[in-house]
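Single-letter residue listing:
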Amino acid sequence: RFHGREEPRPYLTLFGGEPLVDSAAHRDRLERLLAGAQERGLTVAVVTNGYDLAGYVRALAMGPVREVQVTLDGPAAVHDARRPHASGGGTFERVLRGIDAALLAGLTINLRVVVDRDNLESLPELAAFAEGRGWLSLPEDRFKTQVGRNYELFGCASRQRPERLFDRLELWTRYAELATAHPVLGRLHRPRLHGARQLAESGSFPVPTFDACPAAKKEWAFAPDGGLYGCTATVGHPAHLLGRYAPRIERDEAAIARLAGRSTLTMAGCQGCVLAPVCGGACAALASSQRGDLLAPDCRPVRELLGLGVSYYRL
C-alpha cells in the first residue's frame, strides 16, 4: 500500500528469531509468504541460522528468493561452541549440509561471520575450509560473504562481555593483518573499508553518501506483535516504534518524518565535516543508544579505515 510500487523494487526479508523452524506451521507460513511475494512481483531474502535449511531448500528454490543468509562463526569447533543446539550438541555439520543443498539447488548463499575477540583468529581456518568446499570458486552472485562485528545495542546483549568486543577500527586492523598473513582469508571476504575496495577493483570511488541509515526510507521492520519500526535493530524498543501494521495500519507520521529526514545535510553534528560524504552520518539506532538522539551522527573512523584500506589494497 505504501511502498509496493517504489523503484528500485522493494524486497522482503525473513528475519528472526529463526524463520526456518522445521514445523508444519512454519512451512505453511513460508509457502504463503513466498506465494504472496510472487503474486506482487517481490523477491525474498532469508536470514537463517541454517539448522533446518536443508528441509526448506526445495520450497525456497521454487520461490522468488534472491539470497539466503547463513551464519557460520568459525570452523566446526568454534561455531559449535558459540552456537550450540539447545540439546548441547553441535550445529556446524547440519548447517553445512543446508548450505551445500542450497547451492546445489541454485540458491545464492550469503555467508555471514559474526566476530569478536574470541573467534576472529579462527577465520583463516574457516576460509581454508570454504575454499576446500569449493565455495570460493563460485561467482559472487552465487556465494557472497560478510563479516559482522558483535556489538552492544540498547544493553540487550546480556551474555556478551564488553571487553571481548572489537571497536570498528580494531576489528578491521586485525582482519587486515590476518588476511595479509593468510591470503585465503582475503579470498573469503574483501572488506569495503569506506570505498577502498571499490577503488582497488574499479579505479573509482563510490558516489557520496549523504545518508547511511536506510531506516524509514528503504528499510522497514514488521515486528511479530504488529509493531512497525525503521530497522531490525530497533524492533521491540518502544522509543523507536513508528506505528503498527496489524491488526490495522497506524502510522506515526511525525516520527517517520523525523527519521526519514535524517541525513548529513540536516544533522547539526555533520555540518562542516569533510568526511560526511563518506560517513553518511551512519546508524541512527547507535546514535540514539550512545548519544540519546537519533539525529546525532554515529561518527565512524572514516579517515583511519580508508587509510587502512589504501594500505591493505596497496593503492
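Starting from 1, residues in each chain are numbered consecutively following that chain's sequence as written. The predicted origin of the model limits local features to residues at a pLDDT of at least 70 and limits the giving and counting of side-chain atom pairs to 80 or more, whereas totals for whole chains, interfaces and linings rest on all residues. Each side-chain value is worked out from all heavy atoms of the structure, with water and hydrogens disregarded.

Caption draft 1: Spatial organisation of the pattern of salt bridges. Any carboxyl oxygen of Asp or Glu that lies within 4 Å of a side-chain nitrogen of Lys or Arg is treated as forming a salt bridge with it. This model, assessed by the stated rule, comprises 23 salt bridges. For Arg32, the salt bridge goes to Asp28, with nearest N and O atoms at 3.0 Å. With Arg32 and Asp28 both in helix α1 (residues 24–39) and 4 residues apart, the pair spans about one turn of that helix. Using a 1.4 Å probe on the protein chains alone, a residue whose accessible area is under 20% of its type maximum counts as buried, one over 50% counts as exposed, and one in between counts as partly exposed. Judged by its relative accessible area of 37%, Asp28 falls in the partly exposed class. As a salt-bridge pair, Arg300 and Asp298 come within 3.0 Å of each other at their nearest N and O atoms. Under the relative-accessibility criterion, Arg300 is labelled partly exposed at 22%. Note on conventions: DSSP H or I runs of at least 4 residues are helices, E runs of at least 2 residues are strands, and numbering of each starts at the N terminus.

Caption draft 2: Highlighting the sheet that holds strand β7 (residues 227–229). One open sheet accounts for 4 strands, arranged β6-β7-β8-β9; its pairing is antiparallel. The open sheet has two edge strands, β6 (221–222) and β9 (250–251), and neither has a second partner. What makes two strands pair is DSSP finding at least two bridges between them. Examined bridge by bridge, β7 and strand β8 (residues 243–244) share 2 bridges and lie antiparallel to one another. Looking at the pairing, Gly227 lines up with Arg244 of β8.

Caption draft 3: Layout of the nonpolar core. Nine residue types can take part in a nonpolar core, namely buried Ala, Val, Leu, Ile, Met, Phe, Trp, Tyr and Cys, and a core is a set of them joined through side-chain atoms within 4.5 Å. Formed by 51 residues in total, the largest nonpolar core has its most connected members in Leu60, Ile99, Ile109 and Trp135. Counting 11 residues, the second-largest nonpolar core is a separate cluster that includes Cys213, Leu259, Ala284 and Leu294.

Caption draft 4: Here's a closer look at unusual backbone geometry. Backbone torsion omega between Glu7 and Pro8 reads -5°, so that peptide bond is classified as cis. With omega at 5°, the peptide bond leading from Ala246 into Pro247 counts as cis. With phi around 50°, Leu193 is a residue other than glycine that occupies positive phi space. Inspection of the secondary structure assignment puts Leu193 in the loop between α7 (183–188) and α8 (196–202). The backbone of Ala216 sits at a positive phi, close to 65°, despite the residue not being glycine. One can find Ala216 in the loop between α8 and β6.

Caption draft 5: Inspection of the packing of aromatic side chains at higher detail. Centre distance within 6.5 Å is the pairing criterion for rings of Phe, Tyr and Trp, where only the six-membered ring of Trp is used; planes under 30 degrees apart are then read as stacked, over 60 as edge-to-face, and the remainder as tilted. Enumeration over the complete set of coordinates arrives at 6 aromatic pairs. Relative to Tyr175, the ring of Trp172 has its centre 5.2 Å away and its plane inclined at 70°; by these criteria the two rings are edge-to-face. Residue Trp172 and its partner Tyr175 are located together in helix α6 (residues 168–181), separated by 3 residues, close to a single helical turn. When sorted by exposure, Trp172 lands in the same class as Tyr175, which is buried. Aromatic side chains Tyr312 and Tyr313 sit 4.8 Å apart centroid to centroid with 75° between the ring planes, which places their arrangement in the edge-to-face category. Judged on exposure class, the residue Tyr312 and its partner Tyr313 are both buried. Counting every residue linked through ring pairs, the aromatic cluster contains Phe92, Phe129, Trp135 and Phe143. Residue placement shows Arg27 over the ring face of Tyr56; its charged tip is 4.6 Å from the ring centre. Only when the NZ of Lys or the CZ of Arg is both within 6 Å of the ring centre and within 35 degrees of the ring normal is a charge said to sit over the ring.

Caption draft 6: Summary view of the sheet that holds strand β3 (residues 65–71). In space, the 5 strands of this open sheet follow the order β1-β2-β3-β4-β5, with parallel pairing throughout. Only two strands of the sheet have a single partner each, and these edge strands are β1 (12–14) and β5 (143–149). Sheet twist, expressed as the mean angle between neighbouring strand axes with direction ignored, is 20°. Two strands pair when backbone bridges link them, and strand β2 (residues 44–48) and β3 are joined in this way by 5 bridges, in the parallel orientation. The residue bridging Thr48 from the neighbouring strand is Val70, located in β3. Only heavy atoms matter for contacts: two residues are in contact if any of them lie within 4.5 Å across the pair. To get an axis, fit a line to the C-alpha atoms, keeping to the stretch in contact for a helix; angles then go from 0 to 180 degrees between the N-to-C directions. Contacts from α1 reach β1, β2 and β3 within the one sheet, and its direction differs from that of β1 by about 170°.

Caption draft 7: Quick look at the side chain of Thr145. Here Thr145 lies in strand β5. We define a polar contact as two N or O atoms separated by no more than 3.5 Å, with the added condition that, inside protein, one atom must be a possible hydrogen donor and the other a possible acceptor, whereas residues neighbouring each other in sequence contribute only through side-chain atom pairs. At 3.1 Å, the side chain of Thr145 forms a polar contact with the side chain of His189. Once residues within four sequence positions are removed from consideration, Thr145 is found in contact with Asn110, Leu111, Leu188 and His189.

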